Amino acid sequence: MFYLPIVRFFMGEWGALPANKESVAEAKQQGQHCSIVVGGVAEIFLQNGETEQLQLRKGFIREALRNGYDLVPMFHFGATRMYNFIGPASFWRSLSNRLPFPFFLIGGWGKGMTLLPKPVRIVIAVGSPIGLAALYGVPEGQSVPDPDPAKVDLIYEEWKKHLAGLYYRQRPEWETRELEIWDCPKS
């Protein structure tokens, strides 16, 4: 979103930052909390009537460790039902991994064939914080400048368990799909 000049302006005015290492470190230095929507643009195209699909990366865990943050699992029920897309989702997902801007606005439609999202019910579930320092084996609040990849993998697996548990405990009665979590090959 930050590659589009007008959108970048409004995102900045609303306090949003790009989801990158520098922005996470800047937020921590300013004493702010940081919220990253894991999945990115490619996850928009994981729409499926049979399962709720997520594609996760490990980078957010490394950055949380580097900056001394804990993780709070959240799930937005209904978000994958806001848009429809023309053609196969695999094409759009592949394209989203190659282009640095929200091109998906070209091939998608929402309410009344416009770019506005369809009026669907969205329920946000928030889980309990996961203390990364304890999982990593360092004192609470301490940062880990160079996280061990093996420990990141273990924390990532723990994160997926917490997220799946939140999904099944908190899903609304209208959400009957099973959860399917994919590991992003680039993580």
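The rules behind each value
- Residues numbered from 1 in each chain as written.
- Predicted model: local features only at pLDDT ≥ 70, side-chain atom pairs only at ≥ 80, totals over all residues.
- Heavy atoms only, no water.
- Helix = DSSP H or I, 4+ residues; strand = E, 2+ residues; numbered from the N terminus.
- Buried < 20%, exposed > 50% of the residue type's maximum accessible area, 1.4 Å probe, protein only.
- Contact = heavy atoms within 4.5 Å.
- Areas by Shrake-Rupley, 256 points an atom, 1.4 Å probe, with all protein chains shown as cover.
- pLDDT = per-residue confidence, 0-100.
- Polar contact = N/O pair within 3.5 Å; in protein donor to acceptor, adjacent residues only side chain to side chain.
- 1 Å grid on protein atoms, 1.4 Å probe; cavity = no way out; pocket = protein on both sides within 12 Å on 5 of 7 lines; lining within 4 Å.
- Points joined across faces, edges and corners; volume = space filled by probe spheres on them.
- Nonpolar A, V, L, I, M, F, W, Y, C, P; charged D, E, K, R; others polar.
- Phe/Tyr/Trp six-rings, centres within 6.5 Å; stacked < 30°, edge-to-face > 60°.

## A look at the overall build of the chain
Here is step 1 of the chain: Counting secondary structure elements, the chain contains seven helices and six strands.
Here is step 2 of the chain: Secondary structure elements in the chain, listed N-terminal to C-terminal, are α-α-β-α-β-β-α-α-β-β-α-α-β.
Here is step 3 of the chain: Buried residues in the chain amount to 34% of all 187 residues.
Here is step 4 of the chain: Considering only intrachain contacts with a sequence separation of at least 6, the fraction spanning at least 24 residues in the chain is 72%.
Here is step 5 of the chain: On the chain, roughly 11,200 Å² of surface is accessible, and the fraction owed to carbon and sulfur atoms is 58%.

## A few points about the environment of Ala-64
Here is step 1 of the chain: Mapped onto the secondary structure, Ala-64 falls in helix α3 (residues 59–67).
Here is step 2 of the chain: Given a relative accessible area of 5%, Ala-64 falls into the buried group.
Here is step 3 of the chain: Sequence separation of Ala-64 and Leu-132 is 68 residues, and the distance between their C-alpha atoms is 7.9 Å.
Here is step 4 of the chain: Setting aside chain neighbours within four positions, we find Ala-64 in contact with Tyr-69, Leu-71 and Leu-132.

## Details of the confidence of the model for the chain
Here is step 1 of the chain: Predicted confidence across the chain gives a mean pLDDT of 81, with 83% of residues reaching 70 or more.
Here is step 2 of the chain: No element of the chain has a lower mean pLDDT than helix α5 (residues 104–107), which averages 51, and none a higher one than helix α7 (residues 149–170), which averages 95.

## Observations regarding the side chain of Thr-51
Here is step 1 of the chain: Tracing the sequence through the fold places Thr-51 in strand β1 (residues 51–56).
Here is step 2 of the chain: Here the side chain of Thr-51 touches Gln-53 through a polar contact of 3.4 Å, side chain to side chain.
Here is step 3 of the chain: Other than its neighbours up to four places away in sequence, Thr-51 contacts Arg-177, Glu-178 and Glu-180.

## A word on empty space enclosed by the protein
Here is step 1 of the chain: Going through the model one piece at a time under the given rule, you end up with one cavity of 30 Å³ or more.
Here is step 2 of the chain: Surrounding the largest cavity, Ala-64, Leu-65, Gly-68, Tyr-69, Asp-70, Leu-132, Ala-133, Val-138, Gly-141 and Gln-142 form its lining.
Here is step 3 of the chain: Elements with a minimum of two residues in the lining of the largest cavity: α3 and α6 (132–136).
Here is step 4 of the chain: Of the residues assigned to the lining of the largest cavity, the class counts are six nonpolar, three polar and one charged.

## A word on the environment of Ala-134
Here is step 1 of the chain: Following the sequence through the fold, Ala-134 ends up in helix α6.
Here is step 2 of the chain: Among the residues examined, Ala-134 registers a relative accessible area of 66% and is labelled exposed.
Here is step 3 of the chain: Spatially, the C-alpha atoms of Ala-134 and Asp-70 are 9.8 Å apart, while their sequence positions differ by 64 residues.

## Some remarks on the packing of aromatic side chains
Here is step 1 of the chain: Applying the stated criterion across every chain yields a total of seven aromatic pairs.
Here is step 2 of the chain: Their ring planes at 75° and their centres at 5.2 Å tell us that Phe-9 and Phe-10 sit as a pair that is edge-to-face.
Here is step 3 of the chain: Plain terms: the ring middles of Phe-75 and Phe-77 are 4.7 Å apart, the flat faces sit at 50° to each other, and that makes the pair tilted. When sorted by exposure, Phe-75 lands in the same class as Phe-77, which is buried.
Here is step 4 of the chain: An aromatic cluster is present here, built from Phe-75, Phe-77, Tyr-167 and Tyr-168 joined pairwise through their rings.

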